[in-house]
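# Overview (structure and organization)
Letter by letter, the chains look like this.
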Amino acid sequence: MLNKLFKGFIFILILGLIAEVISHVSIEILWFNSIGHLSTFLKRFFWQLGLFVFTTGISLWFLLKNLQLAHQLRWREIPPSVSPTHRRFKKKKIRQDLNVPQSKSMALGTLLVLVFSGGLLLSIILIYYTQVTIDAWTPDFTLPYIAPPLPSPFKIQSFPLIIQQITENSWKIGIIILCLFFLFYKVDYFLQASAVLLSLILGMAIAGNWTRILPWLNQTSFQQREPQFGHDISFYVFRLPIWQLIDFWLGGLFFFGILMVSLTYLLSAKSVSQGKFPGFSRSQLRHLYTLGGILMLLLAFRHWLARYELLYSARGVVYGASYTDVHIALPVNTLLTFLGLGIAIWLLAKAITGEGRKKWLMPNPKSKFSQLPFSPIPIYLYITIFVGGSILAELTQYLIVQPNELARERPYIERNIEFTRKAFNLDHIDIKTLEASGTLTLQDLQKNQAIIDNIRLWDSRPLLQSNRQLQQIRLYYKFPDADYDRYTIKVNDQSPKTTKYQVLIAARELEYKEVPQEAQTWVNEHLVYTHGYGFTLSPVNFVGEGGLPYYFVKDIGTVNKEGNLETSSEQVRVSIPIRQPRIYYGELTNTYIITNTLIEELDFPSGEGNAYNVYDGSGGIKIGSWLKRLIAAQYFKDPQMLVTQNFTPNTRLLLRRNINRRIRKIAPFLRYDRDPYLVAARGINSSEKTPDNYLFWMVDAYTVSSKYPYSDPGERNFNYIRNSVKIVIDAYNGDVYFYVVDDQDPIIQTWQKIFPNLFKSFAEMPSTLKSHIRYPSDLFSTQSERLLTYHMQDPQVFYNREDQWRIPQEIYGTEQQAVEPYYLIRSFNEQSAEFVLAHFYTPRSRNNLIAALFARSDDQNYGKLLLYQLPKQKLIYGSEQIEALINQDPVISQQISLWNRKGSQVIQGNLLVIPIEDSLLYVEPIYLEAEKNSLPTLTRVVVVYENNIVMAETLEKALEAIFATNPTTDETIVRPVN
């Protein structure tokens, strides 16, 4: 009866697993087909399936064949012991007798220790490889990079760390206890089940790393060679990870195999219950010699790979192979490679010939090791070289390198500088000089009016707080972020002239979790609350009534047409597309929804009630048929899909609406910027004469690698990066487009070979969207951080850190923080004003400015980096110095203290350094907010130029106080800099 119940349970489990696989694959096919990327999914799916079948098949064949052989050769019963006299006079006959023990027998205590240790290792290997596989197949979609890290092979050296991780999880300890129980209770069944399980796990692990195997098969040359071994960089980026992946697979497989075979022999003939293991027979030893030889071949291969891994060493003064690595570690690893190869050949020769120990390997028959089935001398030699090499490396570093470090390490410092700069694209920075002459005049300001009109007074944080008070409209609407961009607005209806404005744009998304609890029903979640509505657009330089933000676009109004967004002028309405404000795909759209049903969708609040709408877009999967409903119900574990009466033949299922999850599901091999931003522009497929206006999300994507030789990653997990792809997501239809903006990057060239239908050329991007691309802040921050050290190209200056830079600090609110890169409008060499990203630097030991890095974003200049070096012989105030001048001024600090009374607080905004002509202008907004129901208002603007500090109600009054001949100084504080 129990047997039938068990078989029934297994049958139901298998049926459930089949249903799960069918529903998952079906939904994937339908979803990828709906977004036009079915070929991408199918290629990936069949490669994953092929890798799984190949790896699992090879692993299963190897393990089961060895188990079968061990089962044939194991002791059926304890053989009679052979007396020393009989052994001495019948030595030849015994050597030929395969059923006579050829090694020393073991007492019960020794046997139990060996079996317990082998079982423990076996279970730990299963747990370790299971965890690696789970990590490969359960990505965290909130991370910038979801491709699994290169799995590390199981090593004895990492055993303590693995044990620590296991002890922190009680369920893992329970699995180990269960494995040990079944090992002693049903050894044959347990080992067979373990072999099948490990084979499946290894197959899944290799299949989960398809993002390394496909690039290896389609690799592109970097056209640059690494100087130590002479290989092209592509060898390290594409091929080396494959060899390491093979090491991961075969290392676990071979080690697991020899453990299983050993346990089979040790537990044969009821040795535990008999209290004695008679020893290994000649056939058993030959089997173990074969597996040991194979394992030593793999160990030799691992030492050969370790030679290349020295290029990522952190031992020396810089990242990459150092003097000690090249002169000590490299020869030692080469020697260990050949020694391991020699030991492997020796063991395999013993397996083939069946010969025992040689007298020259163990001349003393009275040695305590004389009863071992093999001579330990080669193993002693291996351990001696391995340990001695480590000691010799440390002594070399301490006694030879450190006393004359610069001379010894100079070639390797040069390599580190060269390759780090290339890997982070720092070798294409144009270097210029900014004198900061301080000769700015009123005429200069008038000539650069476009820059003045776009000096940022509104930061994203106070603007979002204001939006949540003024523009949220309903609790279920949220503004997750506000992003900087630039829009061109017509000056008037009669003139074609336009003006560029830097703005903050914020999407009004729907957050279902904020719907009242009593209204959170299945119908509301999936059929009614389906989309957000519209956005706000605020110029960063304008201030509305009462110090509040000024909006070009706001509200859900009824002036022109119910549901239209309100605009500040007709020119804004003509210049900025707002005809399709519905947001079905965004950053907060985490639920799946079902549209085109008998239930109308909530569109927007209207007066005392709500307006409703029916989705007419092309997004989603049609699930009108019963079969598709059944598949979807199984996939989501949602039986409501089968019983609801609200579906029609045109009903659509919209899933993966969160844009971050959406793009990562399509291309998990890219690294993504943390800041998607909304763009209002003409549709991608629209004509110029009759455009359809939509909202789009733009996301920057990067190709990265951690295998670029000598390149210092700093605190990051990659040491090569390129902003190769711009992604556009239709906020209404969910269509996703991948545009290649850096076609010189070998990694993206490789992915283009793999998925030719996934990527589009940058030339195919509509001009309406091209005008909104921007240099990404994540990449710029990475390059800025690397430039702190790697602007120094002279090895001696680099070694001494004579010109080390740092990121300046500022006070935001009441807290001190590092100055972040910021967007601004500025011009270069009399050219028109451009949208750029800027970051300033100070020397490591001082607070004055020393340099500024700019990244250009407009037109043909996109991606160009300019480094302006400031004169070292002249004091140019840095952010900390300006903040100190502002806060220690008795008049200004008194005014701030007066506002900072109970019930309200002053927020000092971002301190911006604005380059105009050949001078620098410092601007800091001052906000005032209540402690409760915070609604920040722009209260004052502080401007610092040369020897003057001015705090005024507006930026115009502050500039007037500094530069005008007869300024109006009412309520404007003008203070000299001492």
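What you are looking at is a predicted structure, and each value in this text was computed from that prediction instead of being measured. (Residues numbered from 1 in each chain as written. Predicted model: local features only at pLDDT ≥ 70, side-chain atom pairs only at ≥ 80, totals over all residues. Heavy atoms only, no water.)

## Quick look at the overall build of the chain
This is how it is decided: Helix and strand assignments follow DSSP, with helices taken as H or I runs no shorter than four residues and strands as E runs no shorter than two, numbered in order from the N terminus. Burial status follows relative accessibility: with a 1.4 Å probe on protein chains alone, a residue under 20% of its type maximum counts as buried, one over 50% as exposed, and anything between as partly exposed. A contact between two residues is defined here by any heavy atoms of the two lying within 4.5 Å. Surface accessibility in these figures is a Shrake-Rupley result with a 1.4 Å probe; residues are shielded only by whichever protein chains are displayed.
Tallying secondary structure elements over the chain gives 30 helices and 36 strands in all. Along the longest, intermediate and shortest principal axes, the C-alpha atoms of the chain span 120 × 80 × 55 Å. The buried share of the chain, reckoned over its 978 residues, is 56%. In the chain, once contacts between residues fewer than 6 apart in sequence are set aside, the share between residues at least 24 apart is 69%. Summing over all exposed atoms, the chain offers an accessible surface of approximately 43,700 Å²; the carbon and sulfur share of this is 56%.

## Considerations on the packing of aromatic side chains
Threshold: Two rings from Phe, Tyr or Trp (for Trp, the six-membered ring) form a pair when their centres are within 6.5 Å of each other. A pair whose planes differ by under 30 degrees is stacked, one over 60 is edge-to-face, and the rest are tilted. Each ring is checked for a lysine NZ or an arginine CZ that lies within 6 Å of its centre and within 35 degrees of its normal; such an atom marks a charge sitting over the ring.
Applying the stated rule across the entire model yields 64 aromatic pairs. Centre to centre, the rings of tryptophan 751 and phenylalanine 755 are 6.1 Å apart; their planes meet at 5°, and the pair counts as stacked. Across the pair, exposure class does not vary: tryptophan 751 and phenylalanine 755 are buried alike. Through a chain of ring-to-ring contacts, three or more aromatic side chains come together here, namely Trp210, Phe669, Phe738, Trp751, Phe755 and Phe759. Between the NZ or CZ atom of lysine 186 and the centre of the ring of tyrosine 185, over which it lies, the distance is 5.8 Å. One residue, arginine 629, lies across the ring of tryptophan 626, its end atom 4.4 Å from the ring centre.

## Points about the nonpolar core
Using the following cut-off: By nonpolar core is meant a set of buried Ala, Val, Leu, Ile, Met, Phe, Trp, Tyr and Cys residues that side-chain atoms within 4.5 Å join together.
Core analysis: the largest hydrophobic core is formed by 294 residues, its most contacted members being Phe535, Ile727, Phe738, Tyr841, Leu920 and Leu921. Looking at this core element by element, the count peaks at 22 residues for helix α10 (residues 233-266).

## Looking at the packing of helix α13 (residues 323-353) against helix α14 (residues 377-401)
Inclusion rule: The axes used here are C-alpha line fits, helices contributing only the stretch in contact, and every angle between their N-to-C directions lies in the interval 0 to 180 degrees. An angle below 35 degrees is read as roughly parallel, one above 145 as roughly antiparallel, one from 65 to 115 as roughly perpendicular, and any other as oblique. Residue polarity follows a fixed list, in which Ala, Val, Leu, Ile, Met, Phe, Trp, Tyr, Cys and Pro are nonpolar, Asp, Glu, Lys and Arg are charged, and the others, Gly among them, are polar.
Their axes nearest at 9 Å, the elements α13 and α14 cross at an angle of 175°. Between α13 and α14, the interaxial angle falls into the category roughly antiparallel. In the contact of α13 with α14, the residues fall into 18 nonpolar, four polar and no charged.

## Description of the environment of aspartate 453
Topologically, aspartate 453 is positioned in the loop between α17 (449-452) and α18 (460-470). Using a relative accessible area of 29% as the deciding quantity, one classes aspartate 453 as partly exposed. For aspartate 453 and aspartate 555, which are 102 residues apart along the polypeptide, the C-alpha to C-alpha distance reads 25 Å.

## Let's talk about the confidence of the model for the chain
The criterion, for reference: Note on scores: pLDDT gives the predictor's confidence for each residue, bounded by 0 and 100.
When pLDDT is averaged along the chain, the result is 88, and 93% of the positions lie at 70 or above. Helix α3 (residues 84-89) is the least confidently modelled element of the chain, averaging 46 in pLDDT, while helix α24 (residues 746-754) averages 97, the highest of any element. Of the regions scoring below 50 in pLDDT, residues 359-363 engages in eight contacts with residues more than four places distant in sequence or in other chains. This model gives residues 365-371 a pLDDT under 50, and the stretch forms 11 contacts once residues within four places in sequence are excluded.

## Structural notes on the sheet that holds strand β13 (residues 593-595)
Convention followed: A pair of strands is labelled paired if DSSP reports no fewer than 2 bridges between them.
Read from one edge to the other, the open sheet built from three strands follows the order β13-β17-β16, with strand pairing classed as antiparallel. Each edge of the open sheet is held by one strand with a lone partner, namely β13 and β16 (621-622). Direction of pairing for β16 relative to strand β17 (residues 652-654): antiparallel, over a ladder of two bridges. Within the sheet, the bridge partner assigned to isoleucine 621 lies in β17 and is leucine 653.

## Re the pairing of strand β35 (residues 948-952)
When you tally the buried positions in β35, you get four out of five residues, the bulk of the element. Across five bridges, the pairing between strand β34 (residues 937-945) and β35 is antiparallel. Within β35, the position partnered with valine 943 by the bridge is valine 950. In this structure, the hairpin formed by β34 and β35 is closed by a connection of two residues, where glutamate 946 is found at a positive phi of approximately 55°.

## Examining empty space enclosed by the protein
Let me state the cut-off plainly: Points on a 1 Å grid over protein atoms alone make up a cavity when a 1.4 Å probe fits among them but cannot get out, and a pocket when they form an open set with protein on both sides within 12 Å along at least five of seven lines; lining residues each have an atom within 4 Å of a point. Grid points are joined across faces, edges and corners, and a volume is the space filled by probe spheres set on the points.
Throughout the structure, instances matching the rule amount to one cavity of 30 Å³ or more. Quantified by volume, the largest cavity comes out at close to 40 Å³. Surrounding the largest cavity, Pro480, Asp481, Asp483, Ala507, Glu509, Glu587, Leu678 and Trp697 form its lining. Looking at the lining of the largest cavity residue by residue, the class counts come to four nonpolar, no polar and four charged.

## Overview of the packing of helix α7 (residues 170-185) against helix α8 (residues 187-208)
For the pair α7 and α8, interaxial distance at closest approach is 6 Å and the crossing angle is 130°. Relative to α8, α7 is oriented oblique. Across the interface between the two elements, Cys179, Phe182, Leu183 and Tyr185 of α7 pack against Val187, Phe190 and Leu191 of α8. Tallied by class, the residues present in the contact of α7 with α8 amount to seven nonpolar, no polar and no charged.

## Let's talk about a nonpolar patch on the surface
Selection criterion: Like-charged residues within 9 Å of one another, or nonpolar side chains (Val, Leu, Ile, Met, Phe, Trp, Tyr) within 5 Å, are grouped into patches, provided each residue has over 30% relative accessible area and no salt bridge. By convention in these notes, a salt bridge is any Lys or Arg side-chain nitrogen within 4 Å of a carboxyl oxygen on Asp or Glu.
Nonpolar side chains collect at one region of the surface, where Phe9, Ile10, Phe11, Ile12, Leu13, Ile14, Leu15, Ile18 and Ile22 lie side by side and expose about 900 Å² of accessible area between them. For phenylalanine 11, a relative accessible area of 52% translates into the label exposed.

## As for the environment of aspartate 459
The criterion, for reference: Under this definition, polar contacts are N or O atom pairs within 3.5 Å; protein pairs additionally need one hydrogen-donor-capable and one acceptor-capable atom, and for neighbouring residues in sequence, both atoms have to be side-chain atoms.
Examined against the element boundaries, aspartate 459 turns out to sit in the loop between α17 and α18. A distance of 2.7 Å separates a polar atom in the side chain of aspartate 459 from a polar atom in the side chain of tyrosine 812.

## Concerning the pattern of salt bridges
Applying the stated criterion to the full structure yields 26 salt bridges. We note a salt bridge from arginine 302 to aspartate 247, for which the minimum N-O separation is 3.0 Å. In this pair, arginine 302 is assigned in helix α12 (residues 282-309) and aspartate 247 in helix α10, connecting sequence segments 55 residues apart. Of the two residues, arginine 302 and aspartate 247, both sit in the buried class. Close ionic contact of lysine 726 with aspartate 700 constitutes a salt bridge, the shortest N to O distance being 2.3 Å. Of this pair, lysine 726 sits in strand β21 (residues 720-730) while aspartate 700 is found in strand β20 (residues 693-705), placing the two residues 26 residues apart along the sequence.

## Side note on the side chain of glutamate 834
Within the secondary structure layout, glutamate 834 lies in strand β28 (residues 834-843). Exposure remark for glutamate 834: the relative accessible area of 4% places this residue in the buried category.

## Comments concerning unusual backbone geometry
Within the chain, isoleucine 473 stands out as a residue other than glycine whose phi angle is a positive 70°. With respect to the helices and strands, isoleucine 473 occurs in the loop between α18 and β4 (477-478). You will see that aspartate 859, though not glycine, has its phi angle at about 50°, which is positive. Looking at the secondary structure, you find aspartate 859 in the loop between β29 (851-856) and β30 (865-869).

## A look at the side chain of aspartate 232
Heads up, the condition is: Positive: Lys, Arg. Negative: Asp, Glu. His and the chain ends are not part of the count.
Mapped onto the elements, aspartate 232 comes out in the loop between α9 (210-217) and α10. One buried charged residue, aspartate 232, forms no salt bridge at all, with the nearest opposite charge on arginine 225 at 5.7 Å. A polar contact of 3.2 Å, which involves the side chain of aspartate 232, links it to the backbone nitrogen of glutamine 224. Every residue in contact with aspartate 232, bar those within four places of it in the chain, is listed here: Ser221, Phe222, Gln223, Gln224 and Arg225.

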